Amino acid sequence: MLELRGVRHHYDGRVVLDIERFAVSPGALTAIVGPNGAGKSTLLRLLALLEPPTEGEVLLDGKVVSSGRGARPDAKLRRRVTLVEQRPMLFRGTVRDNLKFGLRARGIRHAELNRLIEDVAARLGIARLLERQRHGLSDGEVQRVAVARSLVIEPDILLLDEPASSADRAAAQTLYHALEEERRRRPLAICLASHQLEDAYRWADDVRALAEGKLSTVTPENLFRVELPNASAGDLKHARVGAVEIAAMTDKSGPAILAVPPTDIIVSREPPPSPSSARNVFTGRVTRLAHQRPGGGGAGGAGGAVHVTADVGVELVAVVTDEAARDLGLTLGSPVVFAFKASAVRVF
């Protein structure tokens, strides 16, 4: 298992990552989603042991291998972790030459080497490219060749930075299917950074959002595809979702996905007093109540949690404690108010 503990990473005196704990588990695929500049690439570089954290530790199988106190990994440990960057560089020569490089460095014999190359090329749909020179490849083909170059040497942990950003839909699905097949074949751990929230939910076991250097879990509830208006950087923007408009703080415009974490929604029977920091206040009625037992990962304390679904002009899900649900007298059909800050809305 590859793990970050107590990591705070600085660039030019600015904290770009502040992560108490994050682990990439054997056999799991973890997706990191977030806007440009959120720190996704920096997080992957720390996990790849390419640079040490300013503070904190990177552990591999429970052993500190990189830290702000001077621990540095040796070459043998580095070989267990492979990073494919968003704009990977290929070596001179053909695609086949690129796939041979890591295998030769590991002493793989010629006959076995070619078998491994043909196999991974077939799985990633690049067999027809094997004899092509690197300068004859599109950006999407370069990405797939770089992933194949990493898979063929069978690392324990594969880190991918926007691996399908230059691929068309068919090529992206071929890539994800190949990764799924590799995970079924052996306990490969994968951590990928992506802007594609829908792909992250389809293929990943765990999805984390990275914003302002901090990680948080993103659930599949309260995801909305929207069109954001043009505005100056940092402006408050409103996006139509169903019969309501959701306010969000973002400099993004055009097509986007809004995510409202259920734990960031305040549930009440009356609107919050004015003035309120919650820019999003919606009234509606409870349509579903789902009780979660203690220890199930919800937002509750010893009494467990309740997932409250309400129709407020669009269906939203909030999480409250059992005690709060009782105090509010929440039942099917009862009136309810959902309120949340514009800054709580994540934009992808």
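Structure's up top.
Residues numbered from 1 in each chain as written. Predicted model: local features only at pLDDT ≥ 70, side-chain atom pairs only at ≥ 80, totals over all residues. Heavy atoms only, no water.

A.B. asks: I tried to follow the sheet that holds strand β3 (residues 29–33) on my own but got confused; where do I start?
C.D. replies: The strand order across the open sheet formed by 6 strands is β6-β7-β8-β3-β9-β10, and the pairing between neighbours is mixed. Only two strands of the sheet have a single neighbouring strand rather than two, namely β6 (81–84) and β10 (214–217). Here the average twist between neighbouring strands, direction ignored, is 20°. Bridge analysis of β3 against strand β9 (residues 206–211) gives 4 bridges, and the strand direction is parallel. (Pairing = 2+ DSSP bridges. Helix = DSSP H or I, 4+ residues; strand = E, 2+ residues; numbered from the N terminus. Axes fitted to C-alpha atoms, helices over the stretch in contact; angles between N-to-C directions.)

A.B. asks: For this particular structure, what's the right way to read the pairing of strand β5 (residues 63–67)?
C.D. replies: Taken residue by residue, a regular strand's side chains alternate between the two faces of the sheet. As paired strands, strand β4 (residues 55–60) and β5 are joined by 4 bridges and run antiparallel to one another. Each bridged residue has a counterpart across the sheet, and for Val58 the counterpart in β5 is Ser66.

A.B. asks: When you look at the packing of helix α3 (residues 95–105) against helix α5 (residues 139–151) in this model, what are you seeing that I'm missing?
C.D. replies: Two packed helices can be described by the angle between their axes and the distance between those axes. Two numbers describe how α3 lies on α5: the axes approach to 8 Å, and their chain directions differ by 30°. Of the possible angle classes, the one that applies to α3 and α5 is roughly parallel. You can see that α3 and α5 cross each other, and the crossing is right-handed. Contact with α3, carried on its side by Val95, Asn98 and Leu99, involves Val145, Ala148 and Arg149 of α5 and no other residues of that element. Among the residues forming the contact of α3 with α5, the class breakdown is 4 nonpolar, 1 polar and 1 charged. (Parallel < 35°, antiparallel > 145°, perpendicular 65-115°, else oblique. Left-handed = near helix turned anticlockwise from the far one by under 90°. Contact = heavy atoms within 4.5 Å. Nonpolar A, V, L, I, M, F, W, Y, C, P; charged D, E, K, R; others polar.)

A.B. asks: I keep staring at α3 and nothing clicks. Help me out?
C.D. replies: Residues separated by three or four positions in an α-helix point in the same direction, a consequence of the helix having 3.6 residues per turn. If you check which residues of α3 are buried, you get Val95, Arg96, Asn98, Leu99, Lys100, Gly102 and Leu103. The first or second residue beyond α3 is Gly107, which carries a positive phi of 80°. (Buried < 20%, exposed > 50% of the residue type's maximum accessible area, 1.4 Å probe, protein only.)

A.B. asks: I tried to follow the pairing of strand β7 (residues 157–161) on my own but got confused; where do I start?
C.D. replies: Of all 5 residues that make up β7, 5 are buried, and the element is covered over most of its length. Alternating positions in β7 separate into two faces, Ile157, Leu159 and Asp161 on one and Leu158 and Leu160 on the other, with burial throughout. Two elements, β7 and strand β8 (residues 189–194), share 5 bridges in a ladder whose sense is parallel. Within β8, the position partnered with Ile157 by the bridge is Ala189. A crossover connection joins β7 to the parallel β8 through helix α6 (residues 169–185); in handedness this β-α-β unit is right-handed. (Right-handed = clockwise from strand over helix to strand, strands pointing away.)

A.B. asks: What's the story with the side chain of Arg149 in this structure? I'm lost.
C.D. replies: Position of Arg149 relative to the elements: it lies in helix α5. One buried charged residue, Arg149, remains without a salt bridge, the closest side chain of opposite sign being Glu85 at 8.2 Å. Polar side-chain contacts of Arg149 include one of 2.9 Å to the backbone oxygen of Met89. Not counting residues within four places of it along the chain, the set of residues in contact with Arg149 comprises Met89, Leu90, Phe91, Asn98 and Leu99. (Lys, Arg positive; Asp, Glu negative; His and termini not counted. Salt bridge = Lys/Arg side-chain N within 4 Å of Asp/Glu carboxyl O. Polar contact = N/O pair within 3.5 Å; in protein donor to acceptor, adjacent residues only side chain to side chain.)

A.B. asks: Quick question: what am I supposed to make of the packing of α5 against α6 here?
C.D. replies: It is the contact of α5 with α6, at a shortest axis distance of 11 Å, that shows an interaxial angle of 10°. Relative to α6, the element α5 lies roughly parallel. Touching Arg144, Val147 and Leu151 of α5 are Ala171, Leu175, Leu179 and Glu182, all from α6. The residue makeup of the contact of α5 with α6, split by class, is 5 nonpolar, no polar and 2 charged.

A.B. asks: I keep staring at the side chain of Asn222 and nothing clicks. Help me out?
C.D. replies: By the element assignment, Asn222 lies in the loop between β10 and β11 (223–228). A polar contact is formed between the side chain of Asn222 and the backbone oxygen of Val260, at a distance of 3.0 Å. At a separation of 2.8 Å, a polar atom in the side chain of Asn222 contacts the main-chain carbonyl oxygen of Val317. Those residues in contact with Asn222 that sit more than four places away from it in its chain are Leu258, Ala259, Val260, Pro261, Pro262, Ile265, Glu315, Leu316 and Val317.

A.B. asks: What should I look at first to understand the layout of surface pockets in this one?
C.D. replies: A water-sized probe rolled over the atoms picks out the places where empty space is left. The computed volume of the largest pocket comes to approximately 1,000 Å³. Lining of the second largest pocket is provided by 21 residues; of these, Val81, Thr82, Leu83, Ser150 and Ile153 occupy positions nearest its centre. Broken down by secondary-structure element, the contributors of at least two residues to the lining of the second largest pocket are β6, α3 and α5. Of all the elements, β6 adds the most residues to the lining of the second largest pocket, at 4 residues. (1 Å grid on protein atoms, 1.4 Å probe; cavity = no way out; pocket = protein on both sides within 12 Å on 5 of 7 lines; lining within 4 Å. Points joined across faces, edges and corners; volume = space filled by probe spheres on them.)

None of the figures reported here should be taken as evidence of function without further support.
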